[in-house]
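Chain by chain, the residues:
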Amino acid sequence: MIKTDLIGKTIVFVKAKLANAEAGHDWFHVERVYRNAILISKNEVCNTAIVQLGALLHDIADSKFHDGDETVGPKMAREFLESQEVDEATIAHVINIIENISFKGGNFEKSFSSKELDIVQDADRLDAIGAIGIARMFNYGGFKNRVIYDPKIAPKNKMTKEEYKKNNSPTINHFYEKLFLLKDKMNTETGKEIAKERHRYMEGFLSQFYAEWEGEK
């Protein structure tokens, strides 16, 4: 049984943990994913409590900011949920969501599947595309001091998980290496519909970007 105040306490916990996070992976990112997940879940048969917990805790410790260590987030989430006396079945489900949600180059085989994971994964991917996705992409590129665009450096397609994690290509290349791939990787009908519009927006942005780069507009 999940206590009625658990979601509120989880929000407080996540806000505190991400107080100084990089802007693309901060509390506001989590809040948007949380809202996306609630929206998608309205059209799915699922355990809404697990969807909410998975959305709130999915990025509690992104491995990119922990030397690539993918165990930090699940461990932190488990410790918090155990401190709230959450049952083991719920904890295990939330941990599985955290461990299987990431893109990781697009070639990552999930070791777990559930409707709740599908929903949270779609919610997270929606925040990686469209206007917000573009803003987050450039924010992270600046955070890593990456070149915005270099016509001589082609995008890297079909990267392995390790290649993706170590990739340091120009920020614009990320459209082709991740963002443009997400529309066809959505799990739910709601996610697919929202992704179509955000995908079109990105295509328009990139067309304008190239025109300005070449001095055509």
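Going by the structure above, here's the rest.
So, here is what we can say about the structure in this document. Quantities reported herein were computed from a predicted structural model and do not represent experimental measurements.

1. Re the environment of isoleucine 91
When you line up the elements, isoleucine 91 lands in helix 5 (residues 88-100). Among the residues examined, isoleucine 91 registers a relative accessible area of 1% and is labelled buried. In this structure, the C-alpha to C-alpha distance between isoleucine 91 and lysine 166, residues 75 residues apart in sequence, is 30 Å.

2. A look at the nonpolar core
General note: in soluble globular proteins, nonpolar side chains tend to be found buried as a group. Counting 52 residues, the largest nonpolar core has Val14, Leu57, Leu81, Val94, Ile129, Phe175 and Met202 as its most contacted members. Breaking this core down by element, the ones donating at least two residues are helix 1 (6-17), helix 2 (27-41), helix 3 (48-57), helix 4 (72-83), helix 5, helix 6 (115-126), helix 7 (130-143) and helix 10 (189-213). For isoleucine 129, the contacting residues outside a window of four places in its chain are Leu179, Leu182, Ala195, Arg198 and Met202.

3. Describing helix 5
Between its first and last C-alpha, helix 5 extends 18 Å over 13 residues, near the 18 Å set by a 1.5 Å rise per residue. Burial in helix 5 covers these residues: Thr90, Ile91, His93, Val94, Ile95, Ile97, Ile98 and Asn100. Of the surrounding secondary structure, the elements contacted by the buried residues of helix 5 are helix 3, helix 4 and helix 6.

4. Things to note about the packing of aromatic side chains
In total, this model carries twelve aromatic pairs according to the counting rule given. Both rings, one in tyrosine 149 and one in tyrosine 210, keep their centres 5.6 Å apart while their planes meet at 55°; by these two values the pair is tilted. In this pair, tyrosine 149 is assigned in the loop between helix 7 and helix 8 (161-166) and tyrosine 210 in helix 10, connecting sequence segments 61 residues apart. Residue classification places tyrosine 210 among the partly exposed positions, given a relative accessible area of 25%. Joined through ring pairs, the aromatic side chains of Phe138, Tyr149, Phe175, Tyr176, Phe180, Phe205, Phe209, Tyr210 and Trp213 make up one cluster.

5. Considering the layout of surface pockets
Quantified by volume, the largest pocket comes out at close to 1,100 Å³. His25, Asp62, Lys64, Tyr164 and Lys178 are, among the 42 residues lining the largest pocket, the residues nearest its centre. Secondary structure elements with two or more residues in the lining of the largest pocket: helix 4, helix 5, helix 6, helix 7, helix 8 and helix 9 (174-177). In terms of residue class, the lining of the largest pocket is built from twelve nonpolar, 13 polar and 17 charged.

Reading the values: the criteria
- Residues numbered from 1 in each chain as written.
- Predicted model: local features only at pLDDT ≥ 70, side-chain atom pairs only at ≥ 80, totals over all residues.
- Heavy atoms only, no water.
- Helix = DSSP H or I, 4+ residues; strand = E, 2+ residues; numbered from the N terminus.
- Buried < 20%, exposed > 50% of the residue type's maximum accessible area, 1.4 Å probe, protein only.
- Core = buried A, V, L, I, M, F, W, Y, C linked by side-chain atoms within 4.5 Å.
- Contact = heavy atoms within 4.5 Å.
- Expected span 1.5 Å × (residues − 1).
- Phe/Tyr/Trp six-rings, centres within 6.5 Å; stacked < 30°, edge-to-face > 60°.
- 1 Å grid on protein atoms, 1.4 Å probe; cavity = no way out; pocket = protein on both sides within 12 Å on 5 of 7 lines; lining within 4 Å.
- Points joined across faces, edges and corners; volume = space filled by probe spheres on them.
- Nonpolar A, V, L, I, M, F, W, Y, C, P; charged D, E, K, R; others polar.

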